[in-house]
Amino acid sequence: MNRRATSAMVLCLAVVWLAATGAVVAAPSLPSWSLLPQPAKASPAASGAVDIGDGAVVLVKGADHQELQSIANRLVQRLADTHGLHLHVATPGASHPSITFDVNPGANVADDSGYLITVDDGGIVVTARTPRGAFYGSVTVWQLLTPPGWTRGTPVKVTHGVIEDHPRFAWRAILLDSGRHFQSVADIKQLIDWMSLSKLNVLLWHVTEDQGWRLEIPKYPDLTKIGACREAAGLDAELTGSADKPYCGFYTEADVREIVRYAAERYVDVVPEIDLPGHSQAAIAAYPWLGVTGKRPAVWTSWGVSPWLLKPDEKTLQFVDDVLDEVMRLFPSRYVSIGGDEADKQQWNASPEVQAKMHKLGLANMDQLQGWFMTQIAGHLIEHGRTPVGWDDELVAGAALPKSQVVMSWHGDDNERVALTALQQGHDVVMTPQESLYFDHYQSALPDEWAGPPPPATLRQAYDTIVIPKGASSAEAKHIIGVQGGLWTEQMLTFAHDEHAVFPRVAALAELGWSPTGASNWNGFLQRMPAELARYRTLGIGYADTAFAPVFQVTAAGHDAFKVELSNQVASGTIRYTTDGSDPTNQSTSYSRPLQLTGKTTLRATTFAPDGFELAAPRTKILDETTLISRDGSALATCSHQAPFRLDGGKAAGARRTYSLELGHMCWLWVRAPVDGVKHVVLTAERIPWRDGDEAKNAVVHPKASAAGEFEIHADSCTGPLVARLPLEGAVQGKGQVRIEGKVAMPAGVGVRDLCVITTGDPRDGQWALAQMAFSK
Ligand code: ACM
């Protein structure tokens, strides 16, 4: 039943204002639209809505009938799965359809990926020039049918209005690193499906690495026979089941064809990346003649930048051409990435043969030699009608790339200067700045934050990514062809972790890639997040609730009393809490000002959206006599004051523990610790196998006082008075988390004191990580 507006004029103004903010839009009392990415133009009407319920008919008409039919079938299936609504696709000519897909190459729609949706008394009509546009329209229809506050299985009212939509950029990508950790074909298909629901359209698939060559190349069988297996180092042993069982995995030709086919059905191009001439240690392990030294390295078990580079000679170029010929057979994508990042030149510099090659070519340095090598490879792709893609590293080094090469710019920390250089040199550029769009970076300082490198890349940072480098002219800006999120998997052992890293930051990426210039509106985005998170939940996506998770800040408020401040990263939603340990509900007390709590209390809090959707799982803080004199490792600072790394320890009792630490320096700071009268300390810690390759050169070694080393607690500074020494003898043999305790010689009456905790010994022998330090009196 339609509800009528009382004052069309006032409502129109309200709608226009809301539309301009990019927020959830609808006239009051009508169900709102909550679309993500924000469409180019969304104009909900002031009145009127259509009802869609069980039995509603979906009709497809126009060109490409079969393809459209399968788009409609998938929409119907998705609605059944996620919503419990049962629609059906009609036979041609059915009357009174609720949803119509009409593809007409002459339709008045902005581009081939665009679509027009009208919602009126005739139902929902999606018009597009191509099935691709109709597919994106179908995603929007699914979003219209899953508005804020929808209830499973109940009919939906869709507010009347018009949506005219098309993407801002042609390249809306996720990079998936299958080299460091391998994902199953089923998981990759799952990721592709979910990506397509955010209107992303490129999977940049990184299939070769130092730690594993993952693509079957029949002409060079050892690439996968040898190069796809590494010794099970560190946590690999958990994945393989035993340290004696190597970590192996590769994709067969049939696997690739299946992934490419599945992706094409969802309008996702799979762009393969064969990373050259660095990140090639696994290839050289398979065929040592590909390297410079003639020696056979092991497939790498460390992370970081390996020194093993391909040898820039004719035989290697032939190998690369052969590999690329197979890649071009398997991947129909116009684009093929040849990498070019992080090519450490130490082996080239040390090789008389490579030096001679450089001089023979009249080149001034090894970066120019890399430029020459990559140009040869790019030429082979260009000859075959493909467009080469590569990283921006050579531009950083001052070497040139072939003009037609697409540059993926990850050195965003240089104020997008490298991307600007690429534009000025005439390249098409994909923006993938590491500090905001590398989704392997962790997302917060929460105690339960997952593993990843620093610095954190928050949802807000992803959203605020600069997509047009400062200083680019409007002509240059046209050569920004898109955006890409990076899923580098050194610290991502499982697909669950991939999901957690991608979602919901992918929503920010989707908006950067799809929504028009000027549409950026953080508050509007936040208002549309609850409905999007609800969709993730119905799809079964293990998304991160980090941005909305309650953060507890606890300070002393007199004897046996605490002041507790609650917040969340995005300052959004209503935080509700309980003090009896029960799960907060949408009726629990809402937080509005700092709490004063006394005695022993179990505080539990979470965040709710206006429609009652729980935006984050509840988190707990126990308040008792130990609270202020204990500290979780994630709440300690690193001694360099840099953001910590987050590293996984072993899995114990089904749960994985993640630690905050500085790679190569076992040193933590607790600023202003209230340690008056403490007499005893318990540390919980774990020793993590060193896997950090080239980070080793920065390792800091504190001298040991005994063979096994020790934890030391110093007051005031790391060279200040030693107040506790906790020998590791007895702990070094322990597996997983260990408990180390000892006396503390804290002078009485000191009040608060800065503390520095160090572990003696060499972190490269295994780095100690601190889960918690707990004092007692
Ligand atoms: C990269 O992050 N090495 C491209």
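Let us look at the structure shown here. It should be emphasised that the depicted structure is a prediction, and the values quoted were computed from it without experimental measurement. (Residues numbered from 1 in each chain as written. Predicted model: local features only at pLDDT ≥ 70, side-chain atom pairs only at ≥ 80, totals over all residues. Heavy atoms only, no water.)

So, about the overall build of the protein chain. When you go through the protein chain residue by residue, the secondary structure sums to 20 helices and 37 strands. Relative to the compact-globule value of 28 Å for 777 residues, the protein chain shows a C-alpha radius of gyration of 28 Å, a close match. The principal-axis extents of the C-alpha atoms in the protein chain amount to approximately 85 × 75 × 50 Å. Within the protein chain, buried positions represent 59% of all 777 residues. In the protein chain, the proportion of contacts linking residues at least 24 apart, taken out of those at least 6 apart, comes to 72%. (Helix = DSSP H or I, 4+ residues; strand = E, 2+ residues; numbered from the N terminus. Rg over C-alpha atoms; globule rule 2.2 N^0.38 Å. Buried < 20%, exposed > 50% of the residue type's maximum accessible area, 1.4 Å probe, protein only. Contact = heavy atoms within 4.5 Å.)

Another aspect to go through is the environment of I99. Assignment of secondary structure puts I99 in strand 4 (residues 99-103). We classify I99 as buried; its relative accessible area is 0%. Those residues in contact with I99 that sit more than four places away from it in its chain are I52, V57, V58, L59, L87, I124, V141 and L145.

Attention shifts here to the pattern of salt bridges. If you walk through the whole model with that rule in mind, you get 33 salt bridges. A salt bridge links D414 to R417, with the shortest nitrogen-to-oxygen separation between them at 2.6 Å. With relative accessibility at 30%, the residue D414 sits in the partly exposed group. Assessed through its relative accessible area of 43%, R417 is described here as partly exposed. With a shortest N-O distance of 3.3 Å, R739 and E741 are connected by a salt bridge. For R739, a relative accessible area of 56% corresponds to the exposed category. Sharing partners across several salt bridges, the network here consists of K189, D193, E258, R261, E265 and R266. (Salt bridge = Lys/Arg side-chain N within 4 Å of Asp/Glu carboxyl O.)

Glancing now at unusual backbone geometry. At the junction of L276 and P277, the peptide bond is cis and its omega measures out at -10° in the coordinates. Structurally, P277 can be placed in the loop between strand 14 (269-276) and helix 8 (281-286). Put simply, P454 and P455 share a cis peptide bond, and its omega is -10°. As for its position among the elements, P455 is in the loop between helix 15 (434-437) and helix 16 (459-463). The backbone of Y267 shows a phi angle near 60°, a positive value even though the residue is not glycine. Structurally, the position occupied by Y267 is in the loop between helix 7 (253-265) and strand 14. Here H641, not a glycine, exhibits a phi torsion of approximately 65°, which is positive.

Every second residue of strand 17 (residues 406-409) is oriented toward a common face, with V406 and M408 on one face and V407 and S409 on the other, all of them buried. Inspection of the sheet shows strand 16 (residues 387-391) paired to strand 17 by three bridges, in the parallel sense. Looking at strand 17, one finds that V389 is bridged to V406. Sheet topology note: the strand 17/strand 18 (residues 429-431) ladder contains three bridges and is parallel. Directly across from M408, in strand 18, lies its bridge partner V430. Since strand 17 and strand 18 lie parallel, the crossover through helix 14 (residues 417-424) that links them has a hand, and here it is right-handed. (Pairing = 2+ DSSP bridges. Right-handed = clockwise from strand over helix to strand, strands pointing away.)

A few words now on the sheet that holds strand 3 (residues 88-89). If you walk across this open sheet you meet the seven strands as 1-7-5-6-4-2-3, and the pairing is mixed. A strand with exactly one partner marks an edge of an open sheet, and here the two such strands are strand 1 (41-52) and strand 3. Pairing analysis gives two bridges linking strand 2 (residues 57-62) to strand 3, with the strands arranged parallel. Following the sheet pairing, V57 is matched in strand 3 by H88. Contacts between helix 2 (residues 65-83) and the sheet are confined to strand 2, strand 3, strand 4 and strand 7 (156-165), with strand 2 contributing the most and set at about 160° to the helix. (Axes fitted to C-alpha atoms, helices over the stretch in contact; angles between N-to-C directions.)

What follows is about the packing of helix 9 (residues 314-330) against helix 12 (residues 366-383). The packing of two helices is summarised by the inter-axis angle and the distance between the axes. Their axes nearest at 10 Å, the elements helix 9 and helix 12 cross at an angle of 35°. The two elements helix 9 and helix 12 cross, and the hand of that crossing is right-handed. Across from E314, T316, L317, V320, D321, L324, D325 and M328 in helix 9, the residues of helix 12 making contact are W372, F373, Q376, I377, H380 and L381. Class assignment for the residues of the contact of helix 9 with helix 12 results in eight nonpolar, three polar and three charged. (Left-handed = near helix turned anticlockwise from the far one by under 90°. Nonpolar A, V, L, I, M, F, W, Y, C, P; charged D, E, K, R; others polar.)

Our next topic: the state of the cysteines. Per the stated rule, a full pass over the model turns up three disulfides. The side chain of C639 participates in a disulfide bridge whose partner is C667; the two sulfur atoms lie 2.0 Å from each other. Measuring handedness by torsion sign, the sulfur bridge of C639 and C667 sits at about -80° and is left-handed. One end of the pair, C639, is in the loop between strand 28 (637-638) and strand 29 (645-652); the other, C667, is in strand 31 (residues 667-674), with 28 residues separating them in the sequence. Between the sulfur of C718 and that of C756 lies a disulfide, 2.0 Å long from S to S. The sign of the S-S torsion, about 95°, decides the handedness of the disulfide formed by C718 and C756: right-handed. With C718 in the loop between strand 33 (710-715) and strand 34 (722-727) and C756 in strand 36 (residues 752-759), this pair connects stretches of sequence that are 38 residues apart. Classification of C718 as partly exposed rests on a relative accessible area of 25%. Taken N- to C-terminal, the disulfide-bonded cysteines of the protein chain are connected 1-2, 3-4, 5-6. (Disulfide = S-S within 2.5 Å.)

This part is about the side chain of T489. In this fold, T489 is placed in the loop between strand 19 (480-487) and helix 18 (495-502). Under the relative-accessibility criterion, T489 is labelled buried at 0%. Looking at T489, its side chain comes within polar contact range of the main-chain oxygen of D177, at 2.9 Å. Once residues within four sequence positions are removed from consideration, T489 is found in contact with D177, R180, H181, Q183 and D498. (Polar contact = N/O pair within 3.5 Å; in protein donor to acceptor, adjacent residues only side chain to side chain.)

Moving on, we come to the sheet that holds strand 32 (residues 680-688). With antiparallel pairing, four strands are arranged side by side in an open sheet as 27-37-32-35. Edge positions in the sheet fall to strand 27 (630-632) and strand 35 (738-743), since each has one partner strand and no second. Put simply, the sheet's adjacent strands are angled 25° from each other on average, direction ignored. Bridge analysis of strand 27 against strand 37 (residues 767-776) gives three bridges, and the strand direction is antiparallel.

So far we have only geometry, and geometry alone does not tell us how the molecule works.
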